[in-house]
Amino acid sequence: MKPLEMLLQNAARSQKTIVLSEGTDPRVVQAAIQVRAQGIARIILVGDDVTVRLQFSLAQSEPGDGIDIHDPATSPYLDELALQYYDLRKEKGVTLEHALRAVLQPHVYAALLVRKGYADGTVGGAVATTADIVRAAIQVIGPKPGTKLISSFFLMLFCEEHHSKKGAFIFTDSGLVVDPNAEELAQIAIASARSYETLIGDTPRVAMLSFSTHGSADHPAVDKVVRATAIAKETNPELLVDGELQFDAAFVPDVASAKASTSPLQGDANVFVFPNLESGNIAYKVAQRMAGAVAIGPILQGLSKPANDLSRGCSAEDIIHMIAVTAAQAEE
Ligand SMILES: CC(C)(COP(=O)(O)OP(=O)(O)OC[C@H]1O[C@@H](n2cnc3c(N)ncnc32)[C@H](O)[C@@H]1OP(=O)(O)O)[C@@H](O)C(=O)NCCC(=O)NCCS
Ligand SMILES: CC(=O)OP(=O)(O)O
């Protein structure tokens, strides 16, 4: 079965409740309607009640069974969520007054619903920036025990006739950690390998990308990737990981034999770890917009409960895919 169909089917089986923090956006309302029609998840839409209902009217629909609307301004949960936010942030100088204001922000409200167990995961970022969505997730939901660095990845699906290699790949970190050091890059690689295994159910084969292959260039930026590769191997000896590699040496078997004949990946990597956010973010958008890949992300990893971001350029379909991924993460 194709990875996307598998994710959608599994989501339908698990019937998670996913809270969408941008319920006033037409794409989000469209996604909610389709998710309910296909029975993929239960939905909570956060936003001004009148505007959310107007979006349903414009879509010639209405919020039926399985879609709840939460308007933070009139929500019966407001005091409880504000107290929770205050508890979490008081040591950072947050007052009760500030907490009551913060909870009115839809992405903070949505993250608090997840924290308190009223929803299984949250999705936002069709309107808000990644920084705002991620900050709320980190501050309210927080890292899972034993994890320090929260990072992100894109699930890249290549399924078109013209794609030379079809299947599911991870591009990381294409959304969050701007300039990871070697230790952080190793952590991103290891977390992404685990994410690949749990979401796709296949063995991860990790390529640590660079503009150099096995010593072909000499630069401090290359040294960082070499160190990160060594750390990843040392801390996870069972992981199939190689670096530093240029993309072609990681993806094309013929190029791998020419440039990196000793690489255990043999040009067949499925998890691509970019050296920084500049390269990772640019690469995913090029693959999505020029090559026609389906790009689901940024999917956050390392949180204690699922909270995911979207690109502001997303479609309703992209949101549906992200809801399915969020439901899958909630099953873990
Ligand atoms: C996500 C992001 C906003 C965090 O940046 P930041 O400047 O450290 O944010 P803040 O200083 O407000 O930090 C917020 C909190 O998160 C913590 N934090 C930040 N990044 C973290 C990470 N990767 N993992 C774990 N915790 C992190 C901080 O320690 C801080 O904790 P505290 O409030 O309890 O002290 C920043 O990494 C960012 O802007 N990334 C790029 C996002 C982007 O523009 N992507 C392109 C489009 S997808
Ligand atoms: C992931 C990403 O690049 O988000 P946006 O397009 O919203 O900046």
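Remember, it's a predicted structure, so these values are computed and weren't measured experimentally.

Digging into the UniProt feature "domain: Phosphate acetyl/butaryl transferase" (unreviewed entry) in the protein chain
Okay, step 1: As annotated by UniProt and renumbered to match this structure, "domain: Phosphate acetyl/butaryl transferase" (unreviewed entry) occupies residues 5–327.
Okay, step 2: Secondary structure within residues 5–327 divides into 45% helix and 17% strand; the distance between the first and last C-alpha atoms comes to 14 Å.

Quick notes on the packing of aromatic side chains
Okay, step 1: According to the stated counting rule, one finds ten aromatic pairs in the structure shown.
Okay, step 2: Considering the side-chain rings of phenylalanine 154 and tyrosine 284, the 3.6 Å spacing of their centres and the 20° angle between planes classify their relative orientation as stacked. Highlighted residues: phenylalanine 154 in strand 5 (residues 151–158) and tyrosine 284 in helix 12 (residues 277–289), separated in sequence by 130 residues.
Okay, step 3: Residue classification places phenylalanine 154 among the buried residues on the basis of a relative accessible area of 1%.

Description of the site of ligand 1
Okay, step 1: In the vicinity of ligand 1 lie 16 residues, with Arg89, Lys92, Arg135, Ile150 and Gly175 positioned nearest.
Okay, step 2: A distance of 2.9 Å separates an oxygen atom of ligand 1 from a polar side-chain atom of arginine 89.
Okay, step 3: Arginine 135 places a side-chain nitrogen or oxygen 2.7 Å from an oxygen atom of ligand 1.
Okay, step 4: Burial of ligand 1 by the surrounding chains reaches 61%, relative to a free accessible area of 940 Å².
Okay, step 5: Of the residues forming the shell around ligand 1, the biggest block, six residues, is contributed by helix 7 (residues 130–141).
Okay, step 6: A per-class count over the shell around ligand 1 returns eight nonpolar, four polar and four charged.

Some remarks on the layout of surface pockets
Okay, step 1: Its volume calculated, the largest pocket comes out at about 550 Å³.
Okay, step 2: Every residue lining the largest pocket is counted, 25 residues in all, and those nearest its centre are Lys144, Thr147, Ala191, Gln301 and Gly302.
Okay, step 3: Elements that contribute at least two residues to the lining of the largest pocket include exactly strand 5, helix 8 (182–200), strand 10 (294–301) and helix 13 (316–331).
Okay, step 4: Per-element accounting of the lining of the largest pocket gives the leading share, eight residues, to helix 8.
Okay, step 5: Residue classes in the lining of the largest pocket are distributed as ten nonpolar, ten polar and five charged.
Okay, step 6: Looking at the lining of the second largest pocket, the elements that each hand over two or more residues are strand 6 (167–172), helix 10 (247–251) and helix 12.
Okay, step 7: With four residues, the top contributor of residues to the lining of the second largest pocket is helix 12.

Some words on the pairing of strand 1 (residues 17–20)
Okay, step 1: What you see with strand 1 is no split at all: Thr17 and Val19 on one side and Ile18 and Leu20 on the other are buried throughout.
Okay, step 2: With four bridges joining them, strand 1 and strand 2 (residues 42–46) adopt parallel strand pairing. In the sheet register, valine 19 faces strand 2, and the bridge partner there is isoleucine 44.

The rules behind the values
Residues numbered from 1 in each chain as written. Chains lettered and ligands numbered in written order. Predicted model: local features only at pLDDT ≥ 70, side-chain atom pairs only at ≥ 80, totals over all residues. Heavy atoms only, no water. UniProt positions renumbered as here; feature names shortened; annotations may be inferred. Helix = DSSP H or I, 4+ residues; strand = E, 2+ residues; numbered from the N terminus. Phe/Tyr/Trp six-rings, centres within 6.5 Å; stacked < 30°, edge-to-face > 60°. Buried < 20%, exposed > 50% of the residue type's maximum accessible area, 1.4 Å probe, protein only. Near = heavy atom within 4 Å. Polar contact = N/O pair within 3.5 Å; in protein donor to acceptor, adjacent residues only side chain to side chain. Areas by Shrake-Rupley, 256 points an atom, 1.4 Å probe, with all protein chains shown as cover. Nonpolar A, V, L, I, M, F, W, Y, C, P; charged D, E, K, R; others polar. 1 Å grid on protein atoms, 1.4 Å probe; cavity = no way out; pocket = protein on both sides within 12 Å on 5 of 7 lines; lining within 4 Å. Points joined across faces, edges and corners; volume = space filled by probe spheres on them. Pairing = 2+ DSSP bridges.

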